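One letter stands for each residue in the lines below.
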Amino acid sequence: MRISQTIILFGSLLLCSAAYSQQAPNAFAFKTSEPIVLDGILDEEIWGPEGWNSNFTQYFPSDTSQAQAQSRVKIAFDDQNIYIAAVMENTGPRKYVSTSLRRDYRGEQNDGISFVFDTFNDKTNAFQFGVNPYGVQREALLANGGARGDDLNLAWDNKWYAKATIFENHWQVEAIIPLSTLRFQDGAQNWNVNFYRIDSHLGERSTWAPIPRNFSIISTAFSRKLIFEEPLSKKGANISIIPYTAARTAKNFLEGTKESLTPAVGGDAKVAIGPALNLDLTVNPDFSQVEVDQQVTNLDRFEIFFPERRQFFLENGDLFASFGHPLARPFFSRRIGVDRDENTGQNVQNKILYGARLSGKITDDWRVGLMNMQTANDEQAGITGKNFSVLALQKKVFNRSNIGLIVVDRESLASENEQGLFNPNDYNRLVGLEYNLASADNRWTGKAFYHKTFEKGVSDETGTFNAYILYNDLHWNWSFSFLDIGENYNPEVGFTPRTDYKRLNPDLSYSFFPKSNIINRHGPKIDFEYLWNDGLGMTDRDIELSYEIRFQSLAQLTFSNTYSYVYLFSPFDPTRTGGERLAAGTDYSTQRFGIDFRSNPRLPFNFSLRSEFGEYFTGNIASIRSEMAIRMGYTANISMNFSYNQIRLPEPQNDANLLLVGPRIDLTFSKNLFWTTFIQYNNQIDNLNINTRLQWRYAPVSDFFVVYTDNYFPGDFIPKQRSLVLKLNYWLNM
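None of the values given here were measured: they were computed from a predicted structure. (Residues numbered from 1 in each chain as written. Predicted model: local features only at pLDDT ≥ 70, side-chain atom pairs only at ≥ 80, totals over all residues. Heavy atoms only, no water.)

This paragraph deals with the overall build of the protein. Along the backbone of the protein there are two helices and 41 strands. In summary, the protein has a C-alpha radius of gyration of 27 Å against a globular reference of 27 Å for 734 residues, a match within 12%. Dimensions of the protein, computed from C-alpha atoms along their principal axes, come out at roughly 85 × 65 × 50 Å. For the protein, the residues scored as buried account for 51% of the 734 residues in total. Pairs at least 24 apart in sequence give 57% of the contacts found in the protein among residues at least 6 apart. Carbon together with sulfur atoms contributes 56% to the accessible area of the protein, which is approximately 32700 Å² in total. (Helix = DSSP H or I, 4+ residues; strand = E, 2+ residues; numbered from the N terminus. Rg over C-alpha atoms; globule rule 2.2 N^0.38 Å. Buried < 20%, exposed > 50% of the residue type's maximum accessible area, 1.4 Å probe, protein only. Contact = heavy atoms within 4.5 Å. Areas by Shrake-Rupley, 256 points an atom, 1.4 Å probe, with all protein chains shown as cover.)

Written out as structure tokens, the structure is:
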């Protein structure tokens, strides 16, 4: 076995050296026939001294030297699994930082090693698996080349296994990833791969394939090849069934209604269609265990975006959700399962009956996504069931760029008096075409798209166009964006808070990298935003000048000065508390100063503080937003979100003192038992919300939840709504 490994390794290295004398070596995965015992002890023959991938390079605080705390990784495989061994050396005995024993840890303060597999060699999408020194696992989907932190989706769950062992001067990991967990082309000879480590003791982040520090550490543009000793193939069926049973009781004190303990059953299924496509099915899905959204004080004139958290919509979710612009999203999955109660005018949950989604790769260059979801009629709320269909196609072009097509169709079920299944007069459709640019060296990224919506009786001004380009170098970073949203553009299954405007948004920043033991980088930035339309001319303008300092400790400090102009094309209450509104047709020029500080996240006590003060419409505003956290080992995390806005306006407008307080307690009893309590007091909406959730992971990716939610009037503690949910699900591989 060792002789074979050595011959393969030596021959491959010679080949790589001859062809790419300036490139670093690839990684190699060795075929094994011996059983591997998952115990965190690397005593199997396959983990012998040959074939390790080492020489990790610093990413932070510098990217020009070898890592102080070195690591090495080795990969093997057989017909069923990928096997990983990793050894993380230390500079001496030490303690490790883990914020929790809960799966899917996140944050640069956590010690950990992560393995990134780009199974289709597109350097755009990848699977990520991570382990910390206490054996806590995390798995994620990585999209859009990992350009930003939110391209890493840790809400994705799947089955794989890992063990970690701590020694005096190092810790090590042994992991098994079933091939059925991954999507790849049958007969694949190689993937792209990278590994990165976070070391809390030194405050060091390091990667196997070097990544320039001006890019995200999760960037896939710089990954290297992982070459398999034999072509990979999937054998046997790949089907997972995830049934659930739940019971719910609720009481609405405002309406005087009560829901007796009501049982429910349903579930999901995952069916592999070949090695690269996945069919997801759901029947009567229940999302009661999904964590509640963190509330914010809303001083904007428009709707606020909250990210998707429901598991069914997450795998390959980027294929649907990455289309468009943050201000003009053609598809937003949170629109599914929400409808308008015609009796109250409020948005309420609308039961999803079933859904299906086919997503994945057709070839190395083509990705496809098909989704169909059906919601139920609710006669009591006056809600007609809706059918949602989405088609997304992506074709890779050049090195890492792609062309995309999206089609979204929302239909309403026909009434008894109408012919056919759907109401021909109540539909909303969208067609969009996009080009996404990503250069091989990751310096140039961009997007251009045109979307158009279709509704009964509406045909003019229903399109949206966007052109965006970003350049990112070690010192210079600049971008330019132009967005044009038509007056009647209306993606009802998307997210577009306002229409009928054009937006110009360039920005420019420069970073200095001093030779300092305190400051890692610092530099200025200017951000310009200008909005106008043909009828009114300029409606909004923001010019922000800022200066950011990043410290070697991972702390950050930013100063900002913002000059704003706002034209009100409709009446608006600046406090959003029901006070006298400012008149339409009036305009306001203001100036605000801000300071933003985030402390060292590796410390047991850490905090962030954002303060802004200055002019606000006809008056003044002073705001403080803060988040404080205390970490007690990995057993308890106590945090507090705090937001206070003091608004002073001349009569007849209201003054306001808007307070939002959100304490959170996260207790970890073991790797399988967790309890989270989240309390949110918001005087802007006069509500006190309590959400407490007990989770028992009694088997891999299988849970029992107890979720209790209560809402009160904070002044006299009179209850509004109350609910209790019990839910049990089980992940069964067929």
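There is more to say after this.
Turning next to unusual backbone geometry. Across the junction of phenylalanine 60 and proline 61, the peptide omega takes the value 10 degrees, indicating a cis bond. Put simply, glutamate 651 and proline 652 share a cis peptide bond, and its omega is 10 degrees. A positive phi angle is found at aspartate 104, which is not glycine, with a value near 70 degrees. Within the element layout of this structure, aspartate 104 appears in the loop between strand 4 (81-89) and strand 5 (112-118).

Let us now look at the pairing of strand 14 (residues 239-252). Note that strand 14 and strand 15 (residues 257-273) share 13 bridges and pair antiparallel. Looking across to strand 15, one finds that arginine 248 is bridged to threonine 262. What sits between strand 14 and strand 15 in their antiparallel hairpin is a turn of four residues, with glycine 256 showing a positive phi close to 70 degrees. Here strand 14 runs beside strand 41 (residues 732-733); their pairing, made up of two bridges, is antiparallel. (Pairing = 2+ DSSP bridges.)

Enumeration over the complete set of coordinates arrives at 35 salt bridges. A salt bridge links arginine 697 to aspartate 703; the nearest nitrogen and oxygen atoms lie 2.9 Å apart. Taken individually, arginine 697 and aspartate 703 each receive the classification buried, so the pair is uniform in this respect. In this structure, a network of salt bridges that share partners links the residues Arg94, Asp111, Arg197 and Asp199. (Salt bridge = Lys/Arg side-chain N within 4 Å of Asp/Glu carboxyl O.)

A word on the environment of leucine 182. Turning to its location among the elements, leucine 182 is positioned in the loop between strand 10 (170-178) and strand 11 (190-199). Between the C-alpha atoms of leucine 182 and glutamate 108, which are 74 residues apart in sequence, the distance is 26 Å. With near-sequence residues (within four places) excluded, leucine 182 lies in contact with Ile82, Phe127, Phe129, Ile177, Trp191, Lys234 and Pro275.

The subject of this paragraph is the confidence of the model for the protein. Summary statistics for the protein give a mean pLDDT of 91 and a share of 96% for residues scoring 70 or more. Every residue in residues 1-22 is under pLDDT 50, and counting partners more than four places away or in other chains gives 21 contacts. (pLDDT = per-residue confidence, 0-100.)

What follows deals with the side chain of asparagine 645. Note on placement: asparagine 645 falls in strand 35 (residues 636-648). Other than its neighbours up to four places away in sequence, asparagine 645 contacts Thr297, Leu299, Ile621, Ala622, Ser623, Ala656, Asn657 and Leu658.

Moving on, we come to the packing of aromatic side chains. This structure, assessed with the given rule, holds 38 aromatic pairs. Centre to centre, the rings of phenylalanine 572 and phenylalanine 617 are 5.7 Å apart; their planes meet at 50 degrees, and the pair counts as tilted. With phenylalanine 572 in the loop between strand 31 (556-567) and strand 32 (587-598) and phenylalanine 617 in the loop between strand 33 (605-616) and strand 34 (619-632), this residue pair connects regions lying 45 residues apart in the sequence. Members of the aromatic cluster, connected to one another through ring pairs, are Phe77, Phe117, Phe127, Phe129, Trp156, Trp160, Phe184, Trp191 and Phe228. The ring centre of tryptophan 52 lies 5.4 Å from the NZ or CZ of arginine 72, which sits over that ring. When the ring centre of tyrosine 427 is taken as reference, the NZ or CZ atom of arginine 429 above it lies at 4.1 Å. (Phe/Tyr/Trp six-rings, centres within 6.5 Å; stacked < 30°, edge-to-face > 60°. Lys NZ or Arg CZ within 6 Å of the ring centre and 35° of its normal.)

What follows is about a nonpolar patch on the surface. On the surface, a nonpolar cluster with roughly 500 Å² of combined accessible area is contributed by Phe605, Met628, Ile630, Met632, Ile638 and Ile665. Residue contributions to the nonpolar patch peak at three residues, all from strand 34. (Patch = residues over 30% accessible without salt bridge, like charges linked within 9 Å, V, L, I, M, F, W, Y side chains within 5 Å.)

General note: in soluble globular proteins, nonpolar side chains tend to be found buried as a group. Core analysis: the largest hydrophobic core is formed by 38 residues, its most contacted members being Ile82, Phe115, Phe117, Phe129, Trp191 and Leu226. Mapped by element, the contributors of at least two residues to this core are strand 1 (27-31), strand 3 (71-77), strand 4, strand 5, strand 6 (126-131), strand 10, strand 11 and strand 13 (224-228). Apart from the residues lying within four places of it in its own chain, the contact partners of phenylalanine 115 are Val73, Ile84, Ala86, Phe127, Gln128, Phe129, Val131, Asn194 and Phe195. Counting residues in each nonpolar core, the second largest holds 24 residues, with Phe320, Ile352, Leu483 and Leu531 among its members. (Core = buried A, V, L, I, M, F, W, Y, C linked by side-chain atoms within 4.5 Å.)

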